[in-house]
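Spelled out, the chains give:
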Amino acid sequence: MFIDPSVGLTVSERTVLSSDGDSFWQFDGDHGVGNCSVSGPYYCGSNYTNRMYFEFAPTKLAGKYVLDATFRAKETWSFDCQPHMLDLVRTDNISEGTKWPGPKHLDLMGDRSVSAGRGDLCSPSQPDSWIEFNDSPSESDENLRDTVRSFADGKFSRLTLMLKAHDEGDAAAWKRFDDNAELSVTYMVRPGLPSAVGIVPGDGNTAFCPATTVSDPLFVTRTDPLVRAKVETQVQPTSAEHKGALQAEFVVQRQEPPGSSTWVGTWSGESPTVGWDPDGTLQALRIPHRADGLVYRYQARTQSHVTFNGNPYDLYSAYKGSASSPWCYFMIDTTRPKAPQIVPGDPYKDCAVTACGGPGLSGKFTFKPNAADSDIIGYKYGLISGSAADVKEVDGSTPPPQTVTPDMEGEQTLWVQARDVRERWGDRAEFKFKVAPPGGAEGRWNFNDSPPTQSGQTKVTVAKDSATEGTRHNATLFNAGSEWNELARRGANDYSLWLNDTTDPVKQQGYAAAPAAVDTGKSFTASAWVYLTDATANRVALSAPGSNASAFTLGYSASDKKWVFSRADRDVAASVVIPSKADTASPPLKVWTHLTGVFDTGSDTSTSDDTIQLFVNGRPQGAPVALAAEASSYEPWQAGGGLQFGRSVKAGAGGDYFKGRLDEVALWGEARSESLIRLETQALEGDLPHPELVAAWDATVSTGSTIKEMSPYPVAGMTLSASGATLDGASSTLMLDGTTGYARMTGPVVDETGSFTVTARARLDSLKWADKPVGYQAVIAAQRAGTAGEASWALWAEKRGNGIYWCFGRTAVHSAGNLTKSHVEAQEAVAEMDTSVQVTGVFDAHQPDEVSGSYGVNHLYVGDAEQHAGANAGFAAAQQGSGDLSAGRGTTAGVTGSYLPGALEEIRVWTGAMSADQVYEKITAPSGTGS
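Here the structure is a predicted model, which is why all the values come from computation and not from measurement.

Caption draft 1: Looking closely at the overall build of the protein. Scanning the protein from terminus to terminus reveals five helices and 67 strands. The globule rule puts the C-alpha radius of gyration for 931 residues at 30 Å, and the 32 Å found for the protein is close to it. Projected onto its principal axes, the C-alpha coordinates of the protein cover approximately 100 × 85 × 55 Å. Per-residue burial for the protein yields a buried fraction of 56% across its 931 residues. The contacts in the protein between residues at least 6 apart in sequence include a share of 70% that link residues at least 24 apart. Total accessible area computed for the protein in this model is approximately 36,900 Å², and 48% of it derives from carbon and sulfur atoms. Taken together, the 78 basic and 111 acidic charged side chains of the protein have centroids lying 4 Å from each other.

Caption draft 2: Layout of the state of the cysteines. This model, assessed by the stated rule, comprises three disulfides. The disulfide that involves Cys-209 links it to Cys-328, with 2.4 Å between the sulfurs. Within this pair, whereas Cys-209 is found in the loop between strand 13 (191–200) and strand 14 (218–220), its partner Cys-328 is found in strand 21 (residues 328–332), the two being separated by 119 residues in sequence. Note on Cys-328: relative accessible area 0%, which makes it buried. Paired by a disulfide, Cys-351 and Cys-356 hold their sulfur atoms 1.4 Å apart. Note on Cys-351: relative accessible area 0%, which makes it buried. Should the bonded cysteines of the protein be numbered as they appear in the sequence, the pairing reads 1-2, 3-4, 5-6.

Caption draft 3: A look at the pairing of strand 32 (residues 482–485). Across the two faces of strand 32 the burial is the same, with Ser-482 and Trp-484 and Glu-483 and Asn-485 all buried. As defined by bridge partners, strand 32 adjoins strand 33 (residues 496–499) across four bridges and the pair is classed as antiparallel. Considered in strand 33, the bridge of Ser-482 is made with Leu-499.

Caption draft 4: Representation of the sheet that holds strand 23 (residues 363–368) in the model. On the basis of which strands lie adjacent, the open sheet formed by three strands has the order 22-23-26 and antiparallel pairing. Strand pairing shows two members of the sheet lacking a second neighbour, strand 22 (341–344) and strand 26 (402–404), which therefore form its edges. On average, each strand axis in the sheet is inclined to that of its neighbour by 40°, with strand direction left out of account. By the bridge criterion, three bridges tie strand 23 to strand 26 in an arrangement that is antiparallel. For Phe-365, the partnering residue across the bridge sits in strand 26 and is Gln-402.

Caption draft 5: Highlighting the pattern of salt bridges. Throughout the structure, instances matching the rule amount to 37 salt bridges. A salt bridge links Asp-92 to Arg-763; its shortest N-O distance comes to 3.0 Å. Here Arg-763 lies in strand 56 (residues 756–764) and Asp-92 lies in the loop between strand 7 (84–91) and strand 8 (105–114), a separation of 671 residues in the sequence. Judged by relative accessible area, Asp-92 falls into the buried class, the value being 8%.

Caption draft 6: Structural context of the environment of Arg-424. Summarising the element assignment, Arg-424 is placed in the loop between strand 27 (410–420) and strand 28 (425–435). Remark: the alpha-carbon pair of Arg-424 and Pro-337, spanning 87 residues in sequence, is separated by 7.6 Å. Other than its neighbours up to four places away in sequence, Arg-424 contacts Asp-333, Thr-335, Arg-336, Pro-337, Ala-418 and Arg-419. Separated by 2.8 Å, the side chains of Arg-424 and Thr-335 make a polar contact.

Caption draft 7: Focus on helix 5 (residues 916–924). Turning to helix 5, its buried residues are Gln-918, Val-919, Lys-922, Ile-923 and Thr-924. In a view along the axis of helix 5, the buried residues occupy a sector of 155°, so they form one face of it. Elements in contact with the buried residues of helix 5: strand 49 (688–689), strand 56, strand 61 (836–848), strand 62 (855–862) and strand 67 (901–911).

Caption draft 8: How the structure looks around the packing of aromatic side chains. Enumeration according to the criterion identifies 30 aromatic pairs in this entry. Residues Tyr-531 and Trp-592 carry aromatic rings whose centres are separated by 5.3 Å and whose planes lie at 50° to one another, so their mutual orientation is tilted. With Tyr-531 in strand 35 (residues 524–532) and Trp-592 in strand 40 (residues 592–600), this pair connects stretches of sequence that are 61 residues apart. Both residues of the pair, Tyr-531 and Trp-592, count as buried. These aromatic residues form a ring-pair network of at least three members: Phe-54, Phe-56, Phe-71 and Phe-133. Positioned above the aromatic ring of Tyr-776, the side-chain terminus of Lys-772 is 4.7 Å from the ring centre. Positioned above the aromatic ring of Phe-843 is the side chain of Arg-810, whose terminal nitrogen or guanidinium carbon lies 4.7 Å from the ring centre.

Caption draft 9: Spatial organisation of the nonpolar core. Counting 110 residues, the largest nonpolar core has Phe-71, Tyr-298, Phe-330, Trp-697, Leu-734, Trp-806 and Leu-904 as its most contacted members. Looking at this core, the element that brings in the most residues is strand 56, giving five residues. Ranked by size, the runner-up nonpolar core spans 47 residues in total, among them Trp-484, Ala-514, Ala-526 and Trp-563.

Caption draft 10: Fine view of the confidence of the model for the protein. Scored by pLDDT, the protein comes out at a mean of 88, with 91% of its residues at no less than 70. Considering only residues more than four positions removed or in separate chains, one finds that residues 1–12, a stretch of pLDDT under 50, has 33 contacts. Confidence drops under a pLDDT of 50 for residues 20–49, and excluding neighbours within four residues, the segment shows 75 contacts in the predicted structure.

Caption draft 11: Representation of the sheet that holds strand 13. Ordered by their spatial adjacency, three strands build an open sheet running 13-15-18, and the pairing between neighbours is antiparallel. Bordering the open sheet on either side are strand 13 and strand 18 (282–286), each of which pairs with just one other strand. Sheet twist, expressed as the average angle between the axes of neighbouring strands with direction ignored, equals 20°.

Caption draft 12: Representation of unusual backbone geometry. Across the junction of Glu-256 and Pro-257, the peptide omega takes the value -5°, indicating a cis bond. Residue Gly-747 is joined to Pro-748 through a cis peptide bond whose omega torsion reads 10°. Secondary-structure assignment places Pro-748 in the loop between strand 55 (743–747) and strand 56. A positive phi angle is found at Ala-196, which is not glycine, with a value near 55°. Assignment of secondary structure puts Ala-196 in strand 13. You will see that Asn-493, though not glycine, has its phi angle at about 70°, which is positive. By the element assignment, Asn-493 lies in the loop between strand 32 and strand 33.

Caption draft 13: Representation of the environment of Val-343. Structurally, the position occupied by Val-343 is in strand 22. Setting aside anything within four residues of it in sequence, one finds Val-343 in contact with Lys-364, Phe-365, Thr-366 and Lys-368.

Caption draft 14: Broad picture of the side chain of Ser-755. Considering the arrangement of structural elements, one finds Ser-755 in the loop between strand 55 and strand 56. One polar contact links the side chain of Ser-755 to the main-chain amide nitrogen of Ala-845, over a distance of 2.9 Å. Other than its neighbours up to four places away in sequence, Ser-755 contacts Phe-843, Asp-844, Ala-845, His-846, Thr-911, Gly-912 and Ala-913.

Rules behind the numbers
Residues numbered from 1 in each chain as written. Predicted model: local features only at pLDDT ≥ 70, side-chain atom pairs only at ≥ 80, totals over all residues. Heavy atoms only, no water. Helix = DSSP H or I, 4+ residues; strand = E, 2+ residues; numbered from the N terminus. Rg over C-alpha atoms; globule rule 2.2 N^0.38 Å. Buried < 20%, exposed > 50% of the residue type's maximum accessible area, 1.4 Å probe, protein only. Contact = heavy atoms within 4.5 Å. Areas by Shrake-Rupley, 256 points an atom, 1.4 Å probe, with all protein chains shown as cover. Lys, Arg positive; Asp, Glu negative; His and termini not counted. Charge placed at Lys NZ, Arg CZ, Asp CG, Glu CD. Disulfide = S-S within 2.5 Å. Pairing = 2+ DSSP bridges. Axes fitted to C-alpha atoms, helices over the stretch in contact; angles between N-to-C directions. Salt bridge = Lys/Arg side-chain N within 4 Å of Asp/Glu carboxyl O. Polar contact = N/O pair within 3.5 Å; in protein donor to acceptor, adjacent residues only side chain to side chain. Arc of directions from axis to C-beta. Phe/Tyr/Trp six-rings, centres within 6.5 Å; stacked < 30°, edge-to-face > 60°. Lys NZ or Arg CZ within 6 Å of the ring centre and 35° of its normal. Core = buried A, V, L, I, M, F, W, Y, C linked by side-chain atoms within 4.5 Å. pLDDT = per-residue confidence, 0-100.

The structure is reproduced here in structure tokens:
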């Protein structure tokens, strides 16, 4: 949008989509010729028909509301000088396998009677000319604008338009066009749910909205509190796009009468009060004086505005209050305690401007009553960035200094509330301080030093340490069982350390070794991505040997069938090995898993509080293990045998050789916080996580009874059911009858306790869905949760009273048989039928749920458009599926069914959670390779 500040109005923005070269001629001569690429006019017999297809990706359209659309193609040749009727038709998608008569025709977009491209052969001359199609108000059957609007809304993944003669039996209607067609779209941005919605309860600067029920309101000590909300677009604009013309709308209602379930409007307002602001602007407005002692509720929404062709257009988001409710409840009570005093101590007392301290480094803070209060008996405090579980309480009017430990760098805000003798909590005080970045790794090995050694080449045997702290500790590869491998955590053009993953007896003792990067007698953290292929014996990923024992080992225990981080009490032959074990046994094989071990000696010289703890995919496994409590002989000791990759060493003898691959190993000379461990687990490149494609089933290139698997990983193809499933060459899809048809293989293909992304391109058959009852669920793709009769994760379509909706969700199956289900559904619009739609589910194991504060959130994308998550998107369980990974069929409550009436083109799975931009770049973009 462009904003005219003189009048406060906006005009709509325009973007142009090119056909990205995805266009081709298709012609039929005597009905015997398939698809061709032509460079001039061709005549293929007496019965001649020609068509040209242009395919568009939803580039630049996500999160935009289409006001107008124009398709234009350049006509460069025509059969004669007479105008002939030309149709623009929306069809099903094209592919390399498309054959005559071409894809199914879906809808007429428009028609034109034109002739161009014959130059001086006509009088007057008819030069090459752009032919434009735009909906005519007088022709109700022209649907270009509405079709492109649905395309922008993500209802289908690709838009294929065909140019054809209206009368294909008339050879004189033959025309030729350049393949550089354009789709010009005029749009306004769709508003998104506002963020940072809250109320400043007193005289502070931070807005809160923790109260989700009327029985537990936020207490406000001013009769004119400040409300805030940050206006948002539905999709984050790029740096080159306009950021919208937005306004925040605030609504406040009063409980009337008090204690009832009736609410009446008491105030509403807009900010800015004049004009409009761009995406991401924090809006604030002070509520006029309200009555003391009453309960209120507040919510906000985003409005988007443009003026197009002289007419105003306004769109509104849904309302938002708290994270789990459309309302934020508060009570005005000016008699409650005022904001207390916060007196900072070391090391954060002088950190308001210059960052100091660091993540995991504790500080001391003293709390005192506000000068206006004389009856304070306690305090409640926490960091705004923390979860509800991190909130602490302390008794006393002026208690001893309290310990606060930030776990992330950057500006942190400590909040404190006072409690009076009537057990009432009051206004919040705030103290802001800046935390310095954490120290970098002392050792980091990416193992991207060389591609796999080819026959006749000399193997590269050095893996460089790429860390920047201190000195470098390059690793050396030893024995034939060590090699470089193209299956690596960071995808294409990356490599990993391959170890002993073969039955060849000569290649069973491969490993790598490096000088010690950290002092194992002091706090340290060790982490690695592991890809384990064999669990028949102990498999050590990392170890630090001494003369007789290991200061630590990180890997797999065959006896426990668990991931383990362990430490020997002393460097003696008869040492006691103390483990920190994973919570669950039998981890999946041939998947990427992130392991971290933390040795923490605390901030004192006592050994009584020294602990070790294992983290799997960033999740802490059990409580920290107190070493002295497990072995009275424990003492911290420094290993002298360096660092071993892929084996343990005891008394000089190697063993417990790893089978599989190691990647992205790192060591720090400190006990890292959970937040920093989770950050490492995301395998960030810049600010974005790096997903790794680990499975790709492609029906468009498959024939017979198996869907081919196209990733570089050793993943099986999907086998079709005996009936109801057919690989159709004409449409290049897996056709499913919705009754018995499906395809399957044995999973899993990812470690589902960590982050992952799954996408499918599917088509729903409207005729077959018409026979399904309301409530019917059809699985697109699903991973069974072992023998529990549920799906660990699933993409599905569900029939509601007003249409069919896409969904993505997860199910946790607990040991007691209880189920925890979590899902995201497409709430903006019903699913588009009879056309291919890209549906993507993302499980982000490292995103905190706004409602519970626990880590793990589901996301759903239809095309490029992310669907509103709502309160049901959080999923904190460490659930791992096994058994059938199915396409077109699922299992619920032990019953197999949920057959898909429709078709599938592809299913792909990545390790790692994609961002919204990555969903476009790697999945829906025309040039995306999916790597």
